[in-house]
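In case you want the letters, here they are:
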Amino acid sequence: MGLLKLLKSQFLFHLIICYVFLVSGLIINLLQIFTSPLWLVSKQLARRINIRLGYCISSQMVAALDWWSGTECTLYTDPKSYPLYGKENAIVVLNHSYDIDFLCGWAFCDRFGVLGSSKVLAKKELSYVPVIGWMWYFLEIVFCKRKWEEDRRTVAKSLQNLRDYPEKYWFLLFCEGTRFTPKKHQISMHVAESKGLPKLKYHLLPRTKGFWITVQNLRGTAAAVYDSTLNFRNNETPTLLGILNGKKYHADLYVRRIPLELIPEDEVECASWLHKLYQEKDSFQEHYTQTGRFPGPTVSSSRRPWPLINWLFWACLLLYPLGLLLAQLISSGSMLTILVSVALCSTASMGVRWMIGQTEINRSSNYGNNEVPLNDN
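As a starting point, this report considers the structure included with it. (Residues numbered from 1 in each chain as written. Predicted model: local features only at pLDDT ≥ 70, side-chain atom pairs only at ≥ 80, totals over all residues. Heavy atoms only, no water.)

### Observations regarding the state of the cysteines
The full count for this structure, using the stated rule, is zero disulfides. Cysteine Cys104 remains unbridged, with the sulfur of Cys73 as its closest cysteine sulfur at 6.9 Å. You can call Cys104 buried: its relative accessible area is 11%. (Disulfide = S-S within 2.5 Å. Buried < 20%, exposed > 50% of the residue type's maximum accessible area, 1.4 Å probe, protein only.)

### Overview of helix H2 (residues 11-34)
Side chains three or four residues apart in an α-helix point the same way, a direct result of the helix having 3.6 residues per turn. Here H2 contains 24 residues, and its C-alpha end-to-end distance of 35 Å stays within 8% of the 34 Å for a straight helix at 1.5 Å per residue. Along H2, the residues classified as buried are His14, Leu15, Ile17, Cys18, Val20, Phe21, Leu22, Ser24, Gly25, Ile28, Asn29 and Gln32. (Helix = DSSP H or I, 4+ residues; strand = E, 2+ residues; numbered from the N terminus. Expected span 1.5 Å × (residues − 1).)

### So, the packing of helix H4 (residues 43-68) against helix H5 (residues 101-111)
Between H4 and H5, the least distance of the axes is 9 Å, while the angle of their chain directions is 105 degrees. Classified by the angle their axes make, H4 and H5 are roughly perpendicular. Residues Tyr55, Ser58, Met61, Val62, Leu65 and Asp66 of H4 form the contact with H5, whose participating residues are Phe102, Leu103, Cys104, Trp106, Ala107, Asp110 and Arg111. Residue composition of the contact of H4 with H5, by class: nine nonpolar, one polar and three charged. (Axes fitted to C-alpha atoms, helices over the stretch in contact; angles between N-to-C directions. Parallel < 35°, antiparallel > 145°, perpendicular 65-115°, else oblique. Contact = heavy atoms within 4.5 Å. Nonpolar A, V, L, I, M, F, W, Y, C, P; charged D, E, K, R; others polar.)

### Brief notes about the side chain of Glu140
Secondary-structure assignment places Glu140 in the loop between helix H6 (132-138) and strand E4 (142-144). Glu140 sits in the buried class, given a relative accessible area of 17%. Polar contacts involving the side chain of Glu140 include one to the side chain of Arg47, which spans 2.8 Å. Leaving out residues up to four positions away in the same chain, Glu140 has contacts with Trp39, Arg47, Lys119, Asn161, Leu162 and Tyr165. (Polar contact = N/O pair within 3.5 Å; in protein donor to acceptor, adjacent residues only side chain to side chain.)

### Digging into the packing of H2 against H4
For the pair H2 and H4, interaxial distance at closest approach is 8 Å and the crossing angle is 165 degrees. One way to sum up the angle between H2 and H4 is to call them roughly antiparallel. In the packing of H2 onto H4, the handedness of the crossing is left-handed. Of the residues in H4, those in contact with Phe13, Ile17, Val20, Phe21, Ser24, Gly25, Ile28, Asn29, Leu31 and Gln32 of H2 are Asn50, Leu53, Gly54, Cys56, Ile57, Gln60, Met61 and Trp68. Residue classes in the contact of H2 with H4 are distributed as 11 nonpolar, seven polar and no charged. (Left-handed = near helix turned anticlockwise from the far one by under 90°.)

### Digging into empty space enclosed by the protein
This model, assessed by the stated rule, comprises four cavities of 30 Å³ or more. Of the volumes computed, that of the largest cavity is approximately 190 Å³. Along the walls of the largest cavity sit 19 residues, with Cys73, Cys104, Ala107, Phe108 and Leu253 positioned nearest its centre. Going through the elements one at a time, H4, strand E1 (72-77), H5 and strand E7 (250-259) are the ones with two or more residues in the lining of the largest cavity. When residues of the lining of the largest cavity are assigned to their parent elements, the largest contribution, six residues, is made by H5. A per-class count over the lining of the largest cavity returns 11 nonpolar, four polar and four charged. As a volume, the second largest cavity reaches approximately 120 Å³. For the lining of the second largest cavity, the secondary-structure elements that each account for two or more residues are H4, H5, strand E3 (119-123) and H6. Per-element tally for the lining of the second largest cavity: the top contributor is H4, with three residues. Tallied by class, residues from the lining of the second largest cavity come to 10 nonpolar, four polar and one charged. (1 Å grid on protein atoms, 1.4 Å probe; cavity = no way out; pocket = protein on both sides within 12 Å on 5 of 7 lines; lining within 4 Å. Points joined across faces, edges and corners; volume = space filled by probe spheres on them.)

The structure is reproduced here in structure tokens:
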């Protein structure tokens, strides 16, 4: 195990993982572009094809978490709700405290077979990021500018387009709007005090307008809200770089199913309901901090082999021609050619490291950092 751990930390293996992800991602992006004419002929067929193409990209990151890192996840949930997961459309409310909480959300989706079709509410800037952002465009991901008057129309329209979606999906929502940091928490609690709202210890105040418009436009389509709270054992703070280095973590995920009809339709009442939900989430976090576990029973949820199989397929497809090219370069004896090749590989690696860096908490957006009253967008 010591040797395997050492190998996982080596730059060469990181370079291989980055190469497979980037090149396969760009190939898939190109295939997605080729599906554009199909949207005019059969929208549903184009959607189904893009679901599977998107899965080829996102499942590679899940494979890194589940199989390369070996990270384990204990699921705390009601055994009566468990059989419904993956069988219905749902809105998944996640806390936003870790660098990899989005990846854990993807792994949660994959274990119930809805990773390829699932959606998020993402900031518009992400649509320009190669591979992931371009993939999301063809998956009809809902993008927002964090300007309520504009987002109210565009987000509602995007959500309405999902009403006839051909496969089951989960809509992942980070209601806090930005990742938790001590500074953002302090500012958020100042806002809570000014608005007469109960203070939270482990969360930022939720942005109620985005939640309300999501619930309103998915009524009759989504069956429930899955309130999800994520923690990592031993007070660890996992990162994508740690995953790439093969470091193993243990996640605990608490999920409770809330039927959508229990959520008020009125905007003010819905906002009050969401604030109460986050007070309950805070109590769950407090319970975890004190006891090291969430309340309620655990349910076995095994990782699936498909992300690993998908990665192995792309690795075999792309590493063979790369190996032939490297062999030819070495046999050519041209030092200039070899140096150029090394420079290109290093550039690709730095590009992926840059993308990883954008997920780190200390590189997160400044949204919520301004010391002025925050709205509820």
